[in-house]
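An overview of the molecular structure
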Amino acid sequence: MDNFLQLLIYGLQLGSIYALLAIGYTMVFGIIRMINMAHCDFLMMGCYMVYFLVSVLFGGEMIGPAVALLVVMAGSSVIGMVGVGIERVAYRPLRNRPTIMCMISAIGVSIFTQNLFRALPFIGPNPRSFPKLIEDFTINVGAVKISFTRIVTVTLSIFIMLLLWFVIQNTKIGMHMRAVSNDKDAAALMGVNINRVISITFFIGAFLAAVSGSFYASSYPVMQPTMAVTLGNKAFIAAVCGGIGDIRGAVLGGFVIGVAEILVTSVWSEFAYGFCFLVLVVILLFKPEGLLGKPMTEKV
Amino acid sequence: MEKMKALCKRNIAFPIFALFFLVVTLLHQLGIVNSYFMQVMMLACIYIIMAESLNILNGMTGLSSLGQAGFMSVGAYSSAIFTTYILHVSSLPEPLQVVAFVAATLVGAVMAAICGVLIGIPALRLRGDYLAIVTLGFCEVIRAIWRVVPADIAGGAFGLTGIPKLANFFWAFLFMILSLYFCRNYMDSSFGRACLAIRDNEIAADTMGIDCFRYKTIAFASSAFIAGVAGSLYAHLLSYIHPDVFSYAKSSDFLVYLYAGGVGSISGAMLGALALTVLPELLRFLNDWRLVIYGALLLCIILFRPTGLFGGREFAFLQLKTGGIRVFHVSTFTNWVKGLFRGEKRVKEGAGK
């Protein structure tokens, strides 16, 4: 039982990282119906951004929780702007073409960024270790050990998700987003600036991916340009399982996949990766719209 | 006269292919072209086959598949297990090895086709993006299965080693040509035209009495069959296969080849795969920056040539004809040769109809 609870804690932490990443996939899909294959690269970029900020500003010293949070937010905002730039250059010109062209373009972006990071002399292909941002200590609850980093990761993630939910439900820009995802043309006719909404969506997606990158690297501190590919795949699965296009679905899917993956790994580690895809296939075959999605109707 | 011109254009392809093959082989024998170049050419042939197989789904039937590498892995593994563990080909005499290789390729292709049907039947309930995602899921599940199969059957997580190196430029080239003609004739058959109708408007096709599900399943099976051939060639060329080779990244490579070349056109798929296989090799002098430039060029192609490098056109010899199916056979070539000597082109009765 204790063992199970311990695994559950690990699962929740991994799940919150997947959930943050999955929100980006799901928002972009909801708004422009495109599978953004390059989304996971924002996670990797976020890690490197924070790494360079910390080593330039603080010389790799340990910084307090408040400063760490500030640095992570600042670094992630920069990546958010990168996301907006990528959308502007690589996806916007293809908006009126079939969505699969956008996906091919995203594959091109992914090849480009990963290899650019590998080729840049100050980054390089070799793994680097992510700096320790805050002092870590362990809290014992019964036989279950919970480290401070894990608590921070999970609570902050949940806080960010609630904030996002609030923004989408209660602010004007959130209403615009919902309108665009419901019907792009009708929203445009009602005076919504589609380009601005899409840019903001990409900003939020890239920002959240970069934040999840910092969280991930705080617990598993090895960074390399291809680190995010597997994570991205799983987060994508999470988004699809929860119901792609729905933010609550992405969060639910993220936690489900995170916990399930940890539990399966503890039993049969060799099959854990395939297991996620098996879950994906089973969910898609029996409930294609995902756990929380609404069935799509096809218009003639 | 117009008819004769068209026929002449079409028939010229076969001798050009034969000539190309002979020249490359000769250059290799003379030592002008090194083995590295030959290896790239063979891989290009295999990737052309893969792009063609993807074109049947994405280009002709309008189904997006992100899991083509999964079918390739089924072909690769089943043919490799067939030659390595079942027939023990290395101990056979030379001529029998060739027979075994062709048989193994057939086995791989059939296994992949069966797999395609098995995946296609449940997956085809889904449409559009969801179908793409579920094929991606199946591809990764297949990969996970190869990983957990016991090591003495399929190598497990270490990969399958010691596969006899039976594929050479001749076989890769031959199967490439065969796949081109297969695709051409497929597109020209009643199956292909049903698929084209489904691509253009599924509901209209359904109303016209086309059994959409049946034709989509057939498209899946044929596509997987060709992918299985490519898989077998790949396994017997590199003599080592690993589950991770056939990952989703490989599938997306094929997708990129197809869309960069021009989706829906057989020539486009061929040129796209050829260009994008050779391009990274030509950029080798850039060292670390090689794939960065490759990625940038790829983006440029997608952004500035949305219809692909070949712009959806078709080589004359691959063009879709209206009228009956005309399978390429030797008489076309002999007629062409006879025509050369007589100084006139012979037109077969009703061929240009």
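A brief report on the enclosed structure follows. In this text the structure is predicted, and so the values were computed from the model without any measurement.

With that out of the way, let us pick up the pairing of strand S2 (residues 138–141) of chain A. Residue and element names in this part refer to chain A. Bridge analysis of S2 against strand S3 (residues 144–147) gives four bridges, and the strand direction is antiparallel. Of the residues in S3, the one forming a bridge with isoleucine 139 is isoleucine 146. Linking S2 back to S3 in an antiparallel pair, the connection comprises two residues, with glycine 142 at a positive phi of about 65°.

The interface is formed by 35 residues belonging to chain B together with 33 residues belonging to chain A. Among the elements of the structure, helix H6 (128–148), helix H12 (248–261) and helix H14 (290–304) of chain B are those that each provide at least two residues to the side of chain B that touches chain A. When residues of the side of chain B that touches chain A are assigned to their parent elements, the largest contribution, 13 residues, is made by H6 of chain B. Across the side of chain B that touches chain A, the residue classes tally to 26 nonpolar, four polar and five charged.

Moving on, we get to the packing of helix H11 (residues 272–286) of chain A against H6 of chain B. Two numbers describe how H11 of chain A lies on H6 of chain B: the axes approach to 8 Å, and their chain directions differ by 145°. Crossing geometry of H11 of chain A relative to H6 of chain B is assigned as left-handed. Residue-level contacts link Tyr273, Gly274, Phe277, Leu278, Leu280, Val281 and Leu284 of chain A of H11 of chain A to Tyr130, Ile133, Val134, Gly137, Phe138, Glu140, Val141, Arg143, Ala144, Ile145 and Arg147 of chain B of H6 of chain B.

Residues and elements named next belong to chain B. Here helix H4 (residues 68–86) contains 19 residues, and its C-alpha end-to-end distance of 26 Å stays within 8% of the 27 Å for a straight helix at 1.5 Å per residue. When you tally the buried positions in H4, you get 17 out of 19 residues, the bulk of the element. Just downstream of H4, histidine 88 is the residue with a positive phi angle, here 50°.

Another aspect to go through is the nonpolar core. Core analysis: the largest hydrophobic core is formed by 204 residues, its most contacted members being Leu43 of chain A together with Ala51 and Ala172 of chain B. Considering every element that reaches this core, the biggest residue donor is helix H11 (residues 212–238) of chain B, with 15 residues. Those residues in contact with leucine 43 of chain A that lie beyond four places of it in its chain are Leu21, Ala209, Ala210, Ser212, Gly213, Tyr216, Ala228, Leu231 and Gly232 of chain A.

Here we come to the environment of phenylalanine 37 of chain B. All names here are of chain B. Secondary-structure assignment places phenylalanine 37 in helix H3 (residues 35–61). The class of phenylalanine 37 is partly exposed, set by 15 C-beta atoms lying within 10 Å. Placed 13 residues apart in sequence, phenylalanine 37 and valine 24 show a C-alpha to C-alpha distance of 9.9 Å.

Now for the environment of serine 214 of chain A. Residue and element names in this part refer to chain A. Structurally, the position occupied by serine 214 is in helix H8 (residues 194–219). A tally of 26 C-beta atoms within 10 Å means that serine 214 is categorised as buried. For the pair serine 214 and valine 144, spaced 70 residues apart in the sequence, the C-alpha separation amounts to 25 Å. Ignoring any residue separated from it by four or fewer positions in sequence, one finds serine 214 in contact with Gly46, Cys47, Val50 and Val72.

Parameters and conventions
Residues numbered from 1 in each chain as written. Chains lettered and ligands numbered in written order. Predicted model: local features only at pLDDT ≥ 70, side-chain atom pairs only at ≥ 80, totals over all residues. Pairing = 2+ DSSP bridges. Helix = DSSP H or I, 4+ residues; strand = E, 2+ residues; numbered from the N terminus. Contact = placed C-beta atoms within 7 Å. Nonpolar A, V, L, I, M, F, W, Y, C, P; charged D, E, K, R; others polar. Axes fitted to C-alpha atoms, helices over the stretch in contact; angles between N-to-C directions. Left-handed = near helix turned anticlockwise from the far one by under 90°. Expected span 1.5 Å × (residues − 1). Buried ≥ 20, exposed ≤ 12 C-beta atoms within 10 Å, placed from the backbone. Core = buried A, V, L, I, M, F, W, Y, C linked by C-beta atoms within 7 Å.

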